[in-house]
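Spelled out, the chains give:
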Amino acid sequence: MPRFPRHFDEGDLYHVYNRFSRDEPIFGEEAEVQRFLDLLGEIKETDGFALLAFCILSNHYHLVVKQGPVSLSRTMRSLQGRFSQSFNVRHKSTGPLWQSRFKAEWIGDNAY
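A short tour of the structure in this document, coming up.

About the cut-offs
- Residues numbered from 1 in each chain as written.
- Predicted model: local features only at pLDDT ≥ 70, side-chain atom pairs only at ≥ 80, totals over all residues.
- Heavy atoms only, no water.
- Helix = DSSP H or I, 4+ residues; strand = E, 2+ residues; numbered from the N terminus.
- Buried < 20%, exposed > 50% of the residue type's maximum accessible area, 1.4 Å probe, protein only.
- Contact = heavy atoms within 4.5 Å.
- 1 Å grid on protein atoms, 1.4 Å probe; cavity = no way out; pocket = protein on both sides within 12 Å on 5 of 7 lines; lining within 4 Å.
- Points joined across faces, edges and corners; volume = space filled by probe spheres on them.
- Phe/Tyr/Trp six-rings, centres within 6.5 Å; stacked < 30°, edge-to-face > 60°.
- Lys NZ or Arg CZ within 6 Å of the ring centre and 35° of its normal.

### A closer look at the overall build of the protein chain
Along the protein chain, the regular secondary structure elements total 2 helices and 4 strands. Of the regular secondary structure in the protein chain, the N- to C-terminal order runs β-α-β-β-α-β. Counting all 112 residues of the protein chain, 33% fall into the buried class. Sequence-distant contacts in the protein chain: of pairs separated by 6 or more residues, those separated by 24 or more amount to 69%.

Shown next as structure tokens:
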């Protein structure tokens, strides 16, 4: 069954997160964290979103993003796809790196 497209509005805040397949501690290596953050900064410049907060743990990440003019779906596809491809090349591996597509929760008020 196909997945339905998600809708994200420019200017809205989202809690974005995802985990690695099989709970692997890929971010346990500081160099991988730095590569992810460098790529995130590069994509932030091209897509125009605001990164308000982030938390990187050994097997997953959390971001608080204010969406810019480019869809959050495209931004995250670019971030996760490019990181996965470069990781697989560096580690001579194949296959998906992420457990699933990213999750995004709308932050509508301070209670969230």
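### Focus on the layout of surface pockets
Gaps left between atoms show up when a probe the size of a water molecule is rolled over them. Computed from the structure, the largest pocket encloses a volume of approximately 200 Å³. If you trace the largest pocket, you find it lined by Pro5, Arg6, Ser73, Met76, Arg77, Gln80, Gly81, Ser84, Trp98, Arg101 and Phe102.

### Some words on the side chain of Asn88
Considering the arrangement of structural elements, one finds Asn88 in helix H2 (residues 72-90). Accessibility expressed as a relative area gives 15% for Asn88, which makes it buried. In this structure Asn88 touches Ser93, Thr94 and Gly95, once residues within four positions along its chain are discounted.

### Concerning the environment of Pro96
With respect to the element layout, Pro96 can be found in the loop between H2 and strand S4 (103-107). Its relative accessible area of 64% is what places Pro96 among the exposed residues. Pro96 sits 11 residues away from Gln85 along the chain, and the two C-alpha atoms are 9.1 Å apart.

### Notes on the packing of aromatic side chains
Per the counting criterion, the structure on display carries 12 aromatic pairs. Both rings, one in Phe36 and one in Phe83, keep their centres 5.5 Å apart while their planes meet at 85°; by these two values the pair is edge-to-face. Taken together, the residues Phe36 in helix H1 (residues 30-47) and Phe83 in helix H2 connect sequence positions 47 residues apart. Take Phe36 and Phe83: they sit in the same class, and that class is buried. Pairing Phe83 with Trp98 gives two aromatic rings, centres 6.2 Å apart and planes at 50°, and the pair type is tilted. Pair noted here: Phe83 is in helix H2 and Trp98 is in the loop between H2 and S4, with a separation of 15 residues, a long-range link. Overall, Phe83 belongs to the buried group, its relative accessible area being 0%. For Trp98, a relative accessible area of 9% puts it in the buried group. Among the aromatic residues, those joined into a cluster by ring pairs are Phe20, Phe27, Phe36, Tyr61, Phe83, Phe87 and Trp98. If you follow Arg6 out to its NZ or CZ, it ends over the ring of Phe102, 4.1 Å from the centre.

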